[in-house]
Amino acid sequence: MRKPADDNHTSFSLFSPVKVIHSTVTVSEGKPPKRLSEESVRTLLTHAQQGDRNAHNRLIRTHLGLVINIAKRFRRHDDFMELGDLIQQGCLGLLRAIAKFDPSKSRKGKKVTFVTYAVYWIKHFVRREIAVHGRTVAVPTHIQYYLQRAARDRKSTRLNSSH
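Residues numbered from 1 in each chain as written. Predicted model: local features only at pLDDT ≥ 70, side-chain atom pairs only at ≥ 80, totals over all residues. Heavy atoms only, no water.

Caption draft 1: Structural context of the overall build of the protein chain. The helix and strand inventory of the protein chain stands at five helices and five strands. When its helices and strands are written in sequence order, the protein chain yields β-β-β-α-α-α-β-β-α-α. With 163 residues in all, the protein chain has 33% of them scored as buried. Restricting the contact set of the protein chain to residue pairs at least 6 apart, pairs at least 24 apart contribute 60%. (Helix = DSSP H or I, 4+ residues; strand = E, 2+ residues; numbered from the N terminus. Buried < 20%, exposed > 50% of the residue type's maximum accessible area, 1.4 Å probe, protein only. Contact = heavy atoms within 4.5 Å.)

Shown next as structure tokens:
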């Protein structure tokens, strides 16, 4: 659900209030929370998946900076999308990561960290938002990914041929 964009101030709420003012994003609760160790993240995840709202909110507040950084990176590639919309979709990706992460699973004998898992879901939701709402003419998502890959390959070929 989108609210009409106001030129000076856009805000939305998803457990943790965020304000977007002139492309500067701040968490309205003051200083950003300290980084958590992987062990404490896994403990909070277990509690959050069992329904503890405080653990859920703490995970969201702690990883909100990650969402904002990823949204800003994607904002550079597409000036058509509002930063607040990208952050909102990134928060939805973070919520999906919190809901689906299984600390007991491992990949190739290594434990997967929550941050790695969350980055995947955050990027997935942000990319999907750009694919669906980022163009004037609707292009199917799989075609858009193909076009992005072709542009990236063209750019790397150009860089390699210049040396």
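Caption draft 2: Quick look at a nonpolar patch on the surface. There is a patch of nonpolar side chains on the surface, built from Ile 143, Tyr 146 and Leu 147 and spanning about 300 Å² of accessible area. Along the chain, Leu 147 falls in helix α5 (residues 141-161). Here Leu 147 falls in the partly exposed class, since its relative accessible area comes to 38%. (Patch = residues over 30% accessible without salt bridge, like charges linked within 9 Å, V, L, I, M, F, W, Y side chains within 5 Å. Areas by Shrake-Rupley, 256 points an atom, 1.4 Å probe, with all protein chains shown as cover. Salt bridge = Lys/Arg side-chain N within 4 Å of Asp/Glu carboxyl O.)

Caption draft 3: Representation of helix α3 (residues 83-100). Over its 18 residues, α3 runs 26 Å from end to end, which matches the ideal 26 Å to within 8%, given 1.5 Å per residue. Burial of α3 is extensive: 13 of the 18 residues sit out of reach of the surface. (Expected span 1.5 Å × (residues − 1).)

Caption draft 4: Structural detail: the nonpolar core. In terms of nonpolar packing, the biggest core is built from 30 residues, with Leu 94, Ile 98 and Phe 114 touching the most fellow members. Broken down by secondary-structure element, the contributors of at least two residues to this core are α1 (38-49), α2 (53-77), α3 and α4 (114-133). With nine residues, the single largest contributor to this core is α2. When neighbours within four sequence positions are excluded, Leu 94 is seen to be in contact with Ile 60, His 63, Val 67, Phe 114, Ala 118 and Ile 122. (Core = buried A, V, L, I, M, F, W, Y, C linked by side-chain atoms within 4.5 Å.)

Caption draft 5: Structural detail: the confidence of the model for the protein chain. Looking at the protein chain as a whole, its pLDDT mean stands at 78, while 75% of the residues score no less than 70. Low pLDDT (under 50) marks residues 1-27, which in the prediction has 51 contacts with non-local residues, meaning those over four places away or in another chain. (pLDDT = per-residue confidence, 0-100.)

Caption draft 6: Layout of the side chain of Arg 42. Structurally, the position occupied by Arg 42 is in helix α1. Non-local contacts of Arg 42, meaning those with residues more than four positions away in its chain, are made with Phe 101, Pro 103, Lys 111, Val 112 and Thr 113.

Caption draft 7: Representation of the packing of α1 against α3. Two elements in contact, α1 and α3, have axes whose closest approach is 9 Å; the angle formed by their N-to-C orientations is 90°. Overall, the two elements α1 and α3 adopt an arrangement that is roughly perpendicular. Only Ile 98, Ala 99 and Lys 100 of α3 make contact with α1, whose side of the interface consists of Leu 45, Ala 48 and Gln 49. The class makeup of the residues in the contact of α1 with α3 is four nonpolar, one polar and one charged. (Axes fitted to C-alpha atoms, helices over the stretch in contact; angles between N-to-C directions. Parallel < 35°, antiparallel > 145°, perpendicular 65-115°, else oblique. Nonpolar A, V, L, I, M, F, W, Y, C, P; charged D, E, K, R; others polar.)

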